[in-house]
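Residues per chain are reported as follows:
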Amino acid sequence: QTPADVFIGNPRVHFQHYADRMNEPRREQRRWRAWACWALARAVRPELPADPKHRVVEPTAADIAAALAIHGHAGEVALWQAELARAGRLSSTRG
């Protein structure tokens, strides 16, 4: 487990950059999965800021779900939405 006084980085910024700079192969699938991870990071750690220098349109949960429905595997949207809901519940029990 990571010690409480160690900052491991900002996963929101990581996935924001990753999603916006995705290359082939399977660019769209991997891009929307990165945005899905970004949304999870935001749900778990809502206090972490975005990168103000990185100009990107942040998608809504509906945007991510629609894209995963097109580019992901069967059942991927439901799994992601369940984990997003769980992440939100975990966040509300933190500190």
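Keep in mind it's a predicted model, so treat the numbers as computed, not measured. (Residues numbered from 1 in each chain as written. Predicted model: local features only at pLDDT ≥ 70, side-chain atom pairs only at ≥ 80, totals over all residues. Heavy atoms only, no water.)

A. Molecular detail of the side chain of Asn-10. Along the chain, Asn-10 falls in the segment before α1 (11–20). In terms of polar contacts, Asn-10 uses its side chain to reach the backbone amide nitrogen of Arg-12, at 2.9 Å. For Asn-10, the residues in contact, after removing those within four places along its chain, are Leu-48 and Pro-49. (Helix = DSSP H or I, 4+ residues; strand = E, 2+ residues; numbered from the N terminus. Polar contact = N/O pair within 3.5 Å; in protein donor to acceptor, adjacent residues only side chain to side chain. Contact = heavy atoms within 4.5 Å.)

B. Structural context of the nonpolar core. Core analysis: the biggest nonpolar cluster contains 17 residues, and Trp-32, Trp-35, Ala-39, Ile-64, Leu-68 and Trp-80 have the highest contact counts within it. Broken down by element, this core gets its largest block of residues, seven residues, from helix α2 (residues 27–44). Discounting residues that sit within four places of it in the chain, Trp-32 has contacts with Pro-59, Asp-63, Ile-64, Ala-67, Leu-68 and His-71. (Core = buried A, V, L, I, M, F, W, Y, C linked by side-chain atoms within 4.5 Å. Buried < 20%, exposed > 50% of the residue type's maximum accessible area, 1.4 Å probe, protein only.)

C. Representation of the packing of α1 against α2 within the structure. The contact between α1 and α2 brings their axes to 8 Å, and the two run at 165 degrees. With respect to α2, the axis of α1 lies roughly antiparallel. Here α1 runs over α2; the crossing is left-handed. Residues Pro-11, Arg-12, Phe-15, Gln-16, Tyr-18 and Ala-19 of α1 touch α2, and the partners they reach there are Arg-30, Arg-31, Ala-34, Trp-35, Cys-37, Trp-38, Ala-41 and Arg-42. Residue composition of the contact of α1 with α2, grouped by class: nine nonpolar, one polar and four charged. (Axes fitted to C-alpha atoms, helices over the stretch in contact; angles between N-to-C directions. Parallel < 35°, antiparallel > 145°, perpendicular 65-115°, else oblique. Left-handed = near helix turned anticlockwise from the far one by under 90°. Nonpolar A, V, L, I, M, F, W, Y, C, P; charged D, E, K, R; others polar.)

D. Main features of the packing of aromatic side chains. Inspection of the entire model under this criterion finds one aromatic pair. Look at Trp-35 and Trp-38: their rings are 5.0 Å apart centre to centre, the planes differ by 90 degrees, and that puts the pair in the edge-to-face class. Taken as a pair, Trp-35 and Trp-38 lie in helix α2 at a separation of three residues, close to a single helical turn. In this structure, Trp-35 and Trp-38 share a single accessibility class: buried. (Phe/Tyr/Trp six-rings, centres within 6.5 Å; stacked < 30°, edge-to-face > 60°.)

E. Focus on the pattern of salt bridges. This model, assessed by the stated rule, comprises six salt bridges. In this structure, Arg-12 engages Glu-58 in a salt bridge whose closest nitrogen and oxygen atoms are separated by 3.3 Å. Separated by 46 residues along the polypeptide, Arg-12 in helix α1 and Glu-58 in the loop between α2 and α3 (61–71) bring together distant segments of the chain. Arg-12 gets classed as buried once you look at its relative accessible area, which sits at 10%. Salt-bridge contacts for Arg-31 lead to Glu-28; the nearest nitrogen and oxygen are separated by 3.2 Å. Here Arg-31 pairs with Glu-28, and both are found in helix α2, just three residues apart, close to one helical turn. According to the relative accessible area criterion, Arg-31 is partly exposed, its value standing at 21%. We classify Glu-28 as partly exposed; its relative accessible area is 26%. Where salt bridges share partners, they join Arg-27, Glu-28 and Arg-31 into one cluster. (Salt bridge = Lys/Arg side-chain N within 4 Å of Asp/Glu carboxyl O.)

Read these as layout, nothing more, since geometry by itself doesn't imply function.
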